[in-house]
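Fold and geometry: a report
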Amino acid sequence: MYYNEYLNLKSDLEKGYKTAKDYEKSLQKLINKIIVDIQKRNIEGDVQKVISIIDNVKTIEVPLEIKKRFDNILLNESEIAERKTILKSKARVLYCVVTTLCNVKCIMCRIIKNQWELPEHAIDEIVELMPYLETVKWQGGEVFLYKRFEELMDHAGRNNVCQEIVTNGLLLNENIITKLVKYNVDLYISVEGITKEIYESVRIGGKFETLINNLNILKRIRSEFFGNFTNLGLNVLVMKKNIEQIEFFPEFAREYGFTKLCVNAFGPDFISDENIFHYNKNIEFERKITDIKGKLAAKCKNFGIELFDCLPCFNSESECITVSDNVVSNGANETKNSQIENISENRLLCHIPWQKIFIDSDGTINPECFCDRNKSAGNIDRDKLPDVWNGKVMQEYRKVISDNSYHSRCAKNCITGITHSKSLKNIINPNLFWWSNNL
Ligand SMILES: C[S@@+](CC[C@H](N)C(=O)[O-])C[C@H]1O[C@@H](n2cnc3c(N)ncnc32)[C@H](O)[C@@H]1O
Ligand code: SF4
Ligand code: SF4
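An account of the accompanying structure is given in this report. (Residues numbered from 1 in each chain as written. Chains lettered and ligands numbered in written order. Predicted model: local features only at pLDDT ≥ 70, side-chain atom pairs only at ≥ 80, totals over all residues.)

Neighbouring ligand 1 are 17 residues; Met108, Val166, Asn168, Ser190 and Asn235 lie closest to it. For the shell around ligand 1, the elements supplying multiple residues, two or more each, are β4 (162–167) and β7 (232–237). Residue composition of the shell around ligand 1, grouped by class: eight nonpolar, seven polar and two charged. (Near = placed C-beta within 6 Å. Helix = DSSP H or I, 4+ residues; strand = E, 2+ residues; numbered from the N terminus. Nonpolar A, V, L, I, M, F, W, Y, C, P; charged D, E, K, R; others polar.)

And the structure:
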């Protein structure tokens, strides 16, 4: 199996059929293939296969800089397969709010109402975790206002962890942008208006000229950087103020080199006139949204931009599901049936409690944002990450998911399939070439 493939590669290197660089590239591809395969088998519930692949590959010699991570992945996948509730493996994904401080006051934002920042002790714990992490998602407030953020970003960068940052983009500068590009950070910039008037009426205190200036610097530095893999996403929250501009966001995204466009709607709990999806609905409105969705899909396909369309669907179900190839629909119905079928004996509803730590904007820790906030797994202000990782609540999630008794513990949306099964299981970044910069 994979071990033989590895031996062949080594033999090609020893006989001089492959250069050291080619060998490392092939090994990288092989390791990626192995990890993707193991994860897929675990999602399918093929426990025996998971164990046999891990047995087969555990003596492969991987480069030193990924050894801890590779070993942790194998250990973690075997612990999922064995339904362990106390884990020897460490978290593979971290979502972390670092501060609620912000440089602007957006009309829709609730995060900034609570003043909080990541305590110092957490930094040491996160740094300890870095060699094992595959992905870290940083969020604020504005992450660049957190005094030790650059340090955290440097640690992640040096450890070749995939990083993702959501930002308003107004505090970017040459120095930060160079680092973001060097570390291949996936950057998501939130913009609600493509004109000064609309932008500044939502992002109160933000200057449209500053945004455009920073987007131009970003575009220049990305174009200068050889081997740049940075994903640049444009986040848009659709509201009453900007509804007429939404169809033109693909042009804006193309102009500044965005590779993704994420179009989002408010949830029903956001009570405001701006929340047109829940408080101003009528047939005219539904037609308008349907028309916008079509235009966005067509333009993004044409421009080669990946579209994440999270606007509600007012069409018939089938039309909603048949979206173009490069479009991801959040149509809940798409998931429901397949997910219910999928929960056969061996498949787990969710892998998140085995793989992820989510630190929210008030310090509460959970496996994920969908989990019960009233019964959290801990709080970073008083708890240590390693203690929370194998604490009572994390163990409880692992146990109820393992024995399918999650109904009283897990969120309704997860159980009924409204939350996409991919969000519950495929949480690992499939682009595992963390050490590709070094080649
Ligand atoms: C809270 S912000 C933090 C990151 C950064 N300051 C920014 O604006 O991108 C993260 C995302 O949440 C979105 N957001 C803010 N308020 C929201 C709300 N009430 N409902 C849904 N999304 C919201 C923002 O537009 C942004 O894309
Ligand atoms: S920039 Fe982000 S964190 Fe700041 S107020 Fe706006 S949405 Fe909230
Ligand atoms: S199923 Fe949902 S509520 Fe349960 S652990 Fe997974 S993310 Fe949390």
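Alright, that's what it looks like, and here's the rest.
Of all five residues in strand β3 (residues 135–139), four are buried, a share of seventy percent or more. The sheet contact formed by strand β1 (residues 93–97) and β3 spans five bridges and is parallel. Along β3, the bridge assignment pairs Leu94 with Val136. Pairing between β3 and β4: four bridges, direction parallel. Considered in β4, the bridge of Val136 is made with Gln163. (Buried ≥ 20, exposed ≤ 12 C-beta atoms within 10 Å, placed from the backbone. Pairing = 2+ DSSP bridges.)

Ranked by internal contacts, the top residues of the largest apolar core, which has 78 residues, are Leu94, Leu234, Val236, Leu261, Leu349 and Ile357. If you look at the next biggest cluster of nonpolar residues, it comprises 15 residues, including Ile38, Ile53, Ile80 and Trp354. (Core = buried A, V, L, I, M, F, W, Y, C linked by C-beta atoms within 7 Å.)

For the rest of this paragraph, the subject is the site of ligand 3. Among the 14 residues in the neighbourhood of ligand 3, the closest are listed as Cys350, Glu368, Cys371, Cys410 and Cys414. For the shell around ligand 3, the per-class residue count stands at 13 nonpolar, no polar and one charged.

To continue, consider helix α7 (residues 174–182). The complete set of buried residues in α7 reads Ile176, Ile177, Leu180 and Val181. Axial view of α7: buried residues confined to an arc of 130 degrees, hence all on one face. For α7, the exposed residues set more than 90 degrees away from the buried face come down to Glu174 and Asn175. Looking at the buried side of α7, the elements it contacts are β5 (186–190) and α9 (208–224). (Arc of directions from axis to C-beta. Contact = placed C-beta atoms within 7 Å.)

Mapped onto the secondary structure, Tyr2 falls in helix α1 (residues 2–14). Overall, Tyr2 belongs to the partly exposed group, with 16 C-beta atoms counted inside 10 Å. The spatial distance from the C-alpha of Tyr2 to the C-alpha of Ile54 is 9.8 Å, given a sequence separation of 52 residues. Excluding anything up to four places from it in sequence, Tyr2 contacts Leu30, Ile34, Ile53, Asn56 and Val57.

Handedness of the crossover is the feature at issue here: the chain leaves β3, passes through helix α6 (residues 149–158), returns alongside β4, and the resulting connection is right-handed. The pairing of β4 with β5 spans four bridges and is classified as parallel. Counted as the bridge partner of Thr167 is Ile189 from β5. (Right-handed = clockwise from strand over helix to strand, strands pointing away.)

Below, the discussion takes up unusual backbone geometry. We note that Asn184 has phi near 55 degrees; this positive angle belongs to a residue other than glycine. By the element assignment, Asn184 lies in the loop between α7 and β5. Look at Asn404: it is not a glycine, yet its phi comes out positive at around 55 degrees.

When you line up the elements, Ile221 lands in helix α9. Residues Ile221 and Lys182, spaced 39 residues apart in sequence, show a C-alpha to C-alpha distance of 9.9 Å. Setting aside chain neighbours within four positions, we find Ile221 in contact with Ile177, Thr178 and Val181.

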